[in-house]
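Structural description and commentary
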Amino acid sequence: MKSYILPQYLVERDDYRCIRCEVCARQCAFDVHWYDEEEDAVFADESKCVGCLRCVTLCPTNALVVRHNPTQIPPNANWTGEVLRNIYRQAETGGVLLTGMGCDKGYPIYWDRIVLDASQVTNPSIDPLREPMELRTYLGAKPDVVKVGRKGGKPSLETRLTPQLRLETPIMFSAISYGAISYNACESLARAATEMGTYYNTGEGGLHRNLYKYGDHTICQVASGRFGVHADYLEVAAALEIKIGQGAKPGIGGHLPGEKVSAEISRTRMIPKGTDAISPAPHHDIYSIEDLAQLIYALKEATHWEKPVSVKIAAVHNSAAIASGIVRAGADIVALDGIRGGTGAAPTMIRDNVGIPIELALAAVDTRLREEGIRNRASVVVAGGIRNSSDVIKAIALGADAVYIGTAALVAMGCHVCQKCYTGKCNWGIATQDPYLSKRLNPDVGTRRLVNLLTGWSHEIMEMLGGMGINAIESLRGNRLRLRGVGLTQEELDILGIKHAGA
Amino acid sequence: MIRIVPREEYCIGCRLCEIHCIVQHSRSKNIIKAFKSERRPVKRVEVEEEGHVSFALQCRHCEEAPCVTACLSGAMSKDPETGAVVNDPERCVGCWTCILVCPFGAVRRDEAERKAVGKCDLCPDLEVPACVANCPNEALLMVEE
């Protein structure tokens, strides 16, 4: 069938600059570029280009420009180029539209409509380069009352604390499974989390044996497929996370195609090589909060009550009530994943239309837990579209204990958000299991880039805290008075629990 | 002495090492001129590739270098200070015995010069050899021994 889909991108090659070195041809897993000896020229099949910019980045003479195909489809507010392309694709394949990464629709990004406060005159700001500034925070249930006694003339804590995760910076790496991303990407995340004193999350793909040594900085996920879950996996983790939902695809399960289930992944996930790894939409043993409590306590019991248990849900309309149930079910951490959260593969219509922005879910959950007097019983971690340090600090002021970053971490490792993770042909060596491609991510480089990102963000957070006259991240948590909305409706302000700028 | 260590597990086969080696040994050191208008020097590093296994290979600067022993004219010598095995094109007669004896295939004929051979000189003008500095995935490491 003749395809009616126009190339999404144009590849422009400056012939004077092109030295025919063929780096572009060798680097493109989508086979866009090729060298023709007879013509002594490099050609491009633009219909295959996904716009990942690997060729542009590696071209030694900057001879390449990849840009959106400017061909105008008849202007129409309803029937846009994207709508038409989707229809053509389905008319040609009869399949479900697939995509990767997070929702790219223009829903309001509330972070960009919230501004931070700073001290002026009356409460002096603090210079973090000269004075101590603490980003350390602890995740886990906090007691209702703290009793302090004296032992041998020294104060001692009488209240028995439940297990806590100690974070040196309030940023963790989101759940991304080995399978969705390459071994080298997993290793980079594990090593960076260890170096920075924070945590990364295995996702539902189990934990490769070689990465057990980073277990102290690993949150091991237990998802509906139970892939790779066994006694050692639970034992080695710093914390466990029950994955109920994911921001990119609330309400649906996961599917790792058999082609990606290599020998190593098969061993890690404990499934036969080459078989599809299908995570059901629900946990088939969890149909109520009571069922959830059973799994939470089963995991706590299995790990001798030494590890906090987190429950991750997608941000949906009634997240606040669900979060309340999760806390009452005994979870130590509630992880919320907003509509902009990423994925290795999801149906486009679900990714782009199901769920709610994380800012609203966070504010609603924090408010609800406070109203019910149970906010101290669990930490709240948010994920889904955290792009920079100001998003982090705004999330904390809105009520989060820490954030998860997924897309930002992948971008730090080279991802250009082309959204083709589901093809398994990631030219950046991240979302692929092809040994030819996965070696493109050297974990030494990946680790350094991630550590640099977290270091930079941490410095910025310290600067912003200092500007507000605060010297510890814990003093900002839930302090919504340090936030103001700009251009928001009264309803949005009420949900976010913040005042409008000027008020 | 300096050694260049290839790491096949991270070599991505892009051959940017070869390209920057050529530029570094060109007259102008300008990438576009080196490839398009000047006489293109022989590359002194080559990516060996089979399937997804690849690595960049250049002269190993052997302790007891067969090419130095075999050289008829004394053009090939081992620098006692840096340990680098270097070829003096003025003395090289182009007999290519060094090419025959090199166990790594790291010496190449310079067809344009006819008489001379081309081999890695560890980029004496640079702090870090061009192939190492321009590898996008740090698959070439410079180690001092």
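These numbers come from a predicted model, not from an experiment. (Residues numbered from 1 in each chain as written. Chains lettered and ligands numbered in written order. Predicted model: local features only at pLDDT ≥ 70, side-chain atom pairs only at ≥ 80, totals over all residues.)

In this section: the overall build of chain B. The helix and strand tally for chain B stands at five helices and eight strands. For a compact globule of 145 residues, the expected C-alpha radius of gyration is about 15 Å, and chain B comes in at 15 Å, within 12% of that figure. Dimensions of chain B along its principal axes, counting C-alpha atoms only, are 40 × 35 × 30 Å. If you take every contact in chain B between residues at least 6 apart in sequence, the share linking residues at least 24 apart comes to 56%. (Helix = DSSP H or I, 4+ residues; strand = E, 2+ residues; numbered from the N terminus. Rg over C-alpha atoms; globule rule 2.2 N^0.38 Å. Contact = placed C-beta atoms within 7 Å.)

Within chain A one finds 15 helices and 23 strands. Against the compact-globule benchmark of 23 Å for 503 residues, chain A has a radius of gyration of 24 Å, which places it among compact chains. Each of the three principal axes of chain A carries a C-alpha extent, and together these read 90 × 60 × 45 Å. Counting across all 503 residues of chain A, residues that qualify as buried make up 49%. The long-range share in chain A, meaning contacts at least 24 apart out of those at least 6 apart in sequence, stands at 69%. (Buried ≥ 20, exposed ≤ 12 C-beta atoms within 10 Å, placed from the backbone.)

We now examine the sheet that holds strand β14 (residues 239-243) of chain A. Residue and element names in this part refer to chain A. Taken together, eight strands build a closed barrel; the order of strands is β11-β12-β13-β14-β17-β18-β20-β21 and the barrel is parallel. Here strand β11 (residues 171-175) runs beside strand β12 (residues 200-201); their pairing, made up of two bridges, is parallel. Looking at β12, one finds that Phe 173 is bridged to Tyr 200. (Pairing = 2+ DSSP bridges.)

What follows is about helix α11 (residues 389-398) of chain A. Residue and element names in this part refer to chain A. Taking burial as the measure, the 10 residues of α11 include nine buried ones, the bulk of the element. Taken as a whole, α11 has its buried residues at Ser 389, Asp 391, Val 392, Ile 393, Lys 394, Ala 395, Ile 396, Ala 397 and Leu 398. Gly 399 lies just past α11 and shows a positive phi near 135°.

Before going further, it helps to examine the nonpolar core. Core analysis: the largest hydrophobic core is formed by 187 residues, its most contacted members being Val 334, Leu 336, Leu 362, Val 381 and Val 403 of chain A. Setting aside anything within four residues of it in sequence, one finds Leu 362 of chain A in contact with Leu 336, Val 380, Val 382, Ala 395, Leu 398, Gly 399 and Ala 400 of chain A. (Core = buried A, V, L, I, M, F, W, Y, C linked by C-beta atoms within 7 Å.)

What follows is about the sheet that holds strand β6 (residues 114-116) of chain A. Residue and element names in this part refer to chain A. Sheet architecture is open: three strands sit in the order β6-β22-β23, paired in mixed fashion. Edge positions in the sheet fall to β6 and β23 (499-500), since each of these pairs with one other strand and no more. For strand β22 (residues 483-485) and β23, the ladder comprises two bridges, and the chain directions are parallel. Among the inter-strand pairings, Arg 484 is bridged to a residue of β23, identified as Lys 499.

At the interface, 17 residues of chain B touch 16 residues of chain A. When residues of the side of chain B that touches chain A are traced back to their parent elements, those giving at least two are α1 (16-24) and α2 (31-36) of chain B. By residue class, the composition of the side of chain B that touches chain A is 10 nonpolar, three polar and four charged. (Nonpolar A, V, L, I, M, F, W, Y, C, P; charged D, E, K, R; others polar.)

Turning next to unusual backbone geometry. Note on backbone geometry: most residues besides glycine have negative phi, and most peptide bonds are trans. Residue and element names in this part refer to chain A. At Leu 53, a position not held by glycine, the phi torsion is positive, near 65°. Positive phi outside glycine occurs at Val 121, with the angle close to 60°. Residue classification places Val 121 among the exposed residues on the basis of 6 C-beta atoms within 10 Å.

Residue and element names in this part refer to chain A. One can describe the packing of α11 onto helix α14 (residues 443-467) by two numbers: an axis separation of 9 Å at closest approach and a directional angle of 55°. Relative to α14, the element α11 is oriented oblique. For the pair α11 and α14, the sense of crossing is right-handed. On the side of α11, the interface is formed by Ser 389, Ser 390, Val 392 and Ile 393, while α14 contributes Trp 457, Glu 460, Ile 461 and Met 464. Residues that form the contact of α11 with α14 fall into these classes: five nonpolar, two polar and one charged. (Axes fitted to C-alpha atoms, helices over the stretch in contact; angles between N-to-C directions. Parallel < 35°, antiparallel > 145°, perpendicular 65-115°, else oblique. Left-handed = near helix turned anticlockwise from the far one by under 90°.)

This part takes up the domain arrangement of chain A. Residues and elements named next belong to chain A. As assigned here, chain A comprises domain 1 (9-95) and domain 2 (166-500). Look at where the C-alpha atoms of domain 1 and domain 2 centre, and you get two points 33 Å apart. Every contact between the two is made by nine residues of domain 1 and, on the other side, seven residues of domain 2. Residue composition of the side of domain 1 that touches domain 2, grouped by class: six nonpolar, two polar and one charged. (Domains from an automatic or database assignment.)

Now for the pairing of strand β18 (residues 333-337) of chain A. One face of the sheet, then the other: side chains in a regular strand alternate in exactly this way. Residue and element names in this part refer to chain A. Most of β18 is tucked away, with five of its five residues classed as buried. Judged by which residues are buried, β18 turns out to be covered on both faces: Ile 333, Ala 335 and Asp 337 on one side and Val 334 and Leu 336 on the other are all buried. Bridge count between strand β17 (residues 309-314) and β18: five bridges; the pairing is parallel. When the sheet's bridge partners are listed, Lys 312 is paired in β18 with Ala 335. Regarding topology, helix α8 (residues 319-328) serves as the crossover connection from β17 to the parallel β18, and that connection is right-handed. With five bridges connecting them, β18 and strand β20 (residues 379-383) associate as parallel partners. Paired with Leu 336 across the two strands is Val 382, which belongs to β20. (Right-handed = clockwise from strand over helix to strand, strands pointing away.)

Looking now at the packing of α8 of chain A against helix α10 (residues 358-371) of chain A. All names here are of chain A. Running from N to C, α8 and α10 cross one another at 50°; their axes reach a closest spacing of 8 Å. Put simply, α8 runs oblique to α10. Relative to α10, α8 is oriented so that their crossing is right-handed. Residues Ser 319, Ala 320, Ala 323, Ser 324 and Val 327 of α8 lie in contact with α10, whose contacting residues are Ala 361, Ala 364, Val 365, Arg 368 and Leu 369. When its residues are assigned to classes, the contact of α8 with α10 shows seven nonpolar, two polar and one charged.

Attention shifts here to the domain arrangement of chain B. Residues and elements named next belong to chain B. On domain assignment, one finds that chain B holds domain 1 (1-59 + 123-145) and domain 2 (62-119). Taking only C-alpha atoms into account, the centre of domain 1 sits 19 Å from that of domain 2. At the interface, eight residues of domain 1 touch 10 residues of domain 2. Here the side of domain 1 that touches domain 2 is built from residues that sort into five nonpolar, one polar and two charged.

Residue and element names in this part refer to chain A. Listing the buried residues of α8 in full gives Ser 319, Ile 322, Ala 323, Ser 324, Ile 326 and Val 327. Looking at the buried positions of α8, the neighbouring elements they touch are α7 (289-302), β17, β18 and α10. Positive phi shows up at Gly 330, right after α8, with a value of about 105°.

With that out of the way, let us pick up the environment of Arg 269 of chain A. Residue and element names in this part refer to chain A. Mapped onto the elements of the fold, Arg 269 is located in helix α6 (residues 263-269). Classification of Arg 269 as buried rests on a count of 23 C-beta atoms within 10 Å. Distance from Arg 269 to Phe 173, taken between C-alpha atoms, is 20 Å for residues 96 residues apart in sequence. Other than its neighbours up to four places away in sequence, Arg 269 contacts Gly 179, Gly 205, Gly 206, Phe 227, Gly 228 and Ala 277.

Moving on, we come to the environment of Arg 377 of chain A. All names here are of chain A. Looking at the secondary structure, you find Arg 377 in the loop between α10 and β20. Note on Arg 377: 20 C-beta atoms within 10 Å, which makes it buried. With 202 residues separating them in the primary sequence, Arg 377 and Ala 175 have C-alpha atoms 23 Å apart.

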